[in-house]
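Okay, here's what each chain looks like letter by letter:
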Amino acid sequence: MLAAVPENENERLLALQRLELIDTAAEPEFDELVQTAAAICEVPISLLTLLDERRQWFKASVGLDAVETARKIAFCSHTILQTDLLVVEDAANDPRFSNNPMVTGDPHIRFYAGIPISSPEGLPVGTLCVIDRKPRTLTQLQRNMLGVLAHQINARMELRLQRRQLHDALKQAEKSRTELRASEERFRVFMDNSPFVSFMKDGDGKLVFYSQKLAERFGISSTAWIGKNDFEIWPEDQAQALRNTDIGVLLAGRLHVVYEQVPDKTGNMTHWRSYKFPCISSRGTTLLGGIAVDVTEETAKEAALHRTQAELQSANALLKELVVTDPLTGLGNRRVLDERLAAELTATRRGRTLALLMLDIDSFKHRNDTFGHQDGDQILMQMGNLLRREVRGNEIAARYGGEELAVLMPNTSEEEAAGLAARLLTAVRRTDWPHQPITISIGVAQSSRDITSSQLVANADAALYGAKTNGRDRFVRWSQLQK
């Protein structure tokens, strides 16, 4: 019998590919674990298998000369479909394997026990298995030890992957250092021939040199600032920031790239990306050198881009809200209810309960015909406000359609949901409605383990119909209709 293909087959194959284990040489750390499995279980054959899209390949083996088999006949294709140990005590009497060529022919498998091994992401990529040519059973200790060995293989595969990643990271770091050294050399050549503003200061922060480009940019002569420090040139706040950066560069003894701002000759603030670095003069004194690029226009564009992105995010958030919100009631719309209902029903299969209320405004069409659709819209808006006040934070209130509303109640029994239904009836009776009071009818239903979304809605609708036929202004539980 062919094994099914796992639902996450694509992800599983990608995880196997990332491990880079298939078609690699034997490794003692895996061989030893397979040998240990054979010894513990007292069997002649033990394998560490990896399953790709077409074959079962043996990373380590004991008692078998083959290096791979077709996946379609592999016992391990069945093992990766489960999370625990698969034991076949007599393959000849097992309908899944009795006609398997590895049972009817070499290596004449009669006994098989396999446990999945997983990638670091938790995806099954292969198995640790033990095989005998005669029927047999495993003791509980042997079962437990196979699980321990499988965990060891998982850990060693992850460690092997981490070692490879570390090796790749070290290679990349060396490449980065080489590129950085080349970049620094290009930078020095660039600085010597730079058309951008450049400058040099002594240890006290006084300018000893600045380029003609800097003089032109700030409208000064080529000597006007020579011998002056930042506090004699710029406003105090900017001067202190510049000085703090300069001291940091000199203390660190290396290149710093910083963003600075100073006013130009007209008083407008300009923005600069400055490359500052210490350099030694011919007399052995430490000077601060630097070149700076005017990024005023770039900064303005970035600020505008950030504003645009913020506006876009705000618009997207509003659009998302509009997509999932009923515009009249302010409640969730049918799409939200359907999506949450499907998600919550998945949780019920793990033992949680789920309740659904279906609400209908009694005689709504007659009221619309009497007082007009504007009155009907007002009623629906008030009902939306009422539901938002009454439901809890984890409950979902939505407009199901027309005058029909719904409340989805996760982790809630039918009896608990009936309590909310009673409160809603009371709240509606106490509310001041335009023209004349309204009443509502409510159907209450609870999920079961295998129920579908449409069945749960149908049950709640049937209970709602029961409330209508029993006089309206009340709730009926689906379980009451089954008696």
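Here, every reference points to the structure presented above.
Conventions used here
- Residues numbered from 1 in each chain as written.
- Predicted model: local features only at pLDDT ≥ 70, side-chain atom pairs only at ≥ 80, totals over all residues.
- Heavy atoms only, no water.
- Helix = DSSP H or I, 4+ residues; strand = E, 2+ residues; numbered from the N terminus.
- Rg over C-alpha atoms; globule rule 2.2 N^0.38 Å.
- Buried < 20%, exposed > 50% of the residue type's maximum accessible area, 1.4 Å probe, protein only.
- Contact = heavy atoms within 4.5 Å.
- Areas by Shrake-Rupley, 256 points an atom, 1.4 Å probe, with all protein chains shown as cover.
- Lys, Arg positive; Asp, Glu negative; His and termini not counted.
- Charge placed at Lys NZ, Arg CZ, Asp CG, Glu CD.
- Expected span 1.5 Å × (residues − 1).
- Arc of directions from axis to C-beta.
- Axes fitted to C-alpha atoms, helices over the stretch in contact; angles between N-to-C directions.
- Parallel < 35°, antiparallel > 145°, perpendicular 65-115°, else oblique.
- Left-handed = near helix turned anticlockwise from the far one by under 90°.
- Nonpolar A, V, L, I, M, F, W, Y, C, P; charged D, E, K, R; others polar.

Undergrad: Teacher, can you tell me more about the overall build of the chain here?
TA: Each helix and strand counted, the chain has 14 helices and 16 strands in total. Expected size for 483 residues packed as a compact globule is a radius of gyration near 23 Å; at 38 Å, the chain overshoots this value by more than 25%. Across its three principal axes, the chain shows a C-alpha extent of roughly 100 × 90 × 30 Å. Per-residue burial for the chain yields a buried fraction of 43% across its 483 residues. For the chain, the proportion of contacts with a sequence separation of at least 24, taken over those separated by at least 6, is 59%. Split by element, the accessible area of the chain, about 26,100 Å² in all, is 52% carbon and sulfur. Here the chain holds 58 positive side-chain charges and 64 negative ones, and the gap between their average locations is 1 Å.

Undergrad: What am I meant to see in the pairing of strand β12 (residues 354-361) here?
TA: Put simply, side chains in a regular strand alternate between the two faces of the sheet. Most of β12 is tucked away: eight of the eight residues are buried. Of the two faces of β12, the one lined by L354, L356, M358 and D360 and the one lined by A355, L357, L359 and I361 are each fully buried.

Undergrad: How should I be thinking about helix α9 (residues 334-348) in this particular structure?
TA: Think of an α-helix as 3.6 residues a turn; residues three or four steps apart then line up on the same face. Between its first and last C-alpha, α9 extends 21 Å over 15 residues, near the 21 Å set by a 1.5 Å rise per residue. Of the residues making up α9, those classed as buried are V336, L337, L341, E344, L345, A347 and T348. Down the axis, α9 shows its buried residues gathered within 150° of arc, on one side only.

Undergrad: So what exactly am I meant to see when it comes to the packing of helix α11 (residues 373-390) against helix α12 (residues 414-430) here?
TA: For the pair α11 and α12, interaxial distance at closest approach is 11 Å and the crossing angle is 135°. Taken together, the axes of α11 and α12 are oblique relative to one another. Between α11 and α12 lies a crossing whose hand is right-handed. Contacts between α11 and α12 pair M383, L386, L387 and E390 from the former with L420, R423, L424, A427 and V428 from the latter. Across the contact of α11 with α12, the residue classes break down as seven nonpolar, no polar and two charged.

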